[in-house]
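Remarks on the overall topology
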Amino acid sequence: MFLGKALYTLDNKARLTIPARYRDLLAPMLVVTRHPTEECLMLLPIAEWERFAGRLSQLSMVDPKAALLRRKVFSSAEDTKADAQGRILISESLREHARISDKALIVGVDTHIELWNPELWEQQVAPQFDDVE
């Protein structure tokens, strides 16, 4: 289970260090993709990705909204694995989508991790916490 949040800095090669407490959960492979509804990225262990992809694959192929969702998620998905130092490369296109440049907020969300631009998190997500009952 992925819990908590922490601010990390990408290195000059756009690599992000995965927190040590998450590394075993993401080994040996993980998938990085656009979040279907938010302006952030999702990091999923390969087993969770397969469950998620399976649910998307069950959506109607003739429903335009479902087709768009499938294209959005699958076309941006990249499989990767962490290097010996626990770093993963975040592609330019994914960084652009999430507006991540030098810093990323790593947020544990139970079955996966979200990567957020810290400013977007503070503007869009954090204020909503007061509304949760």
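Above: the structure in question.
Figured I'd write up the structure that's included with this text.

What to know about the overall build of the protein chain
- The number of helices and strands found in the protein chain is five helices and eight strands.
- In the protein chain, the succession of helices and strands from N to C terminus is β-β-α-β-β-α-α-β-β-α-β-β-α.
- By principal-axis analysis of the C-alpha atoms, the protein chain measures approximately 45 × 35 × 30 Å.
- Each of the 133 residues in the protein chain was classed as buried or not, and the buried ones make up 42%.
- Across the protein chain, contacts joining residues at least 24 apart in sequence account for 59% of those joining residues at least 6 apart.

What about unusual backbone geometry?
- In this structure, the amide linkage connecting alanine 27 to the following residue, proline 28, adopts the cis form with an omega of -5°.
- At alanine 14, a position not held by glycine, the phi torsion is positive, near 65°.
- By the secondary structure assignment, alanine 14 is in the loop between β1 (5-9) and β2 (15-17).
- Judged by its relative accessible area of 12%, alanine 14 falls in the buried class.

So, how was this worked out
- Residues numbered from 1 in each chain as written.
- Predicted model: local features only at pLDDT ≥ 70, side-chain atom pairs only at ≥ 80, totals over all residues.
- Heavy atoms only, no water.
- Helix = DSSP H or I, 4+ residues; strand = E, 2+ residues; numbered from the N terminus.
- Buried < 20%, exposed > 50% of the residue type's maximum accessible area, 1.4 Å probe, protein only.
- Contact = heavy atoms within 4.5 Å.

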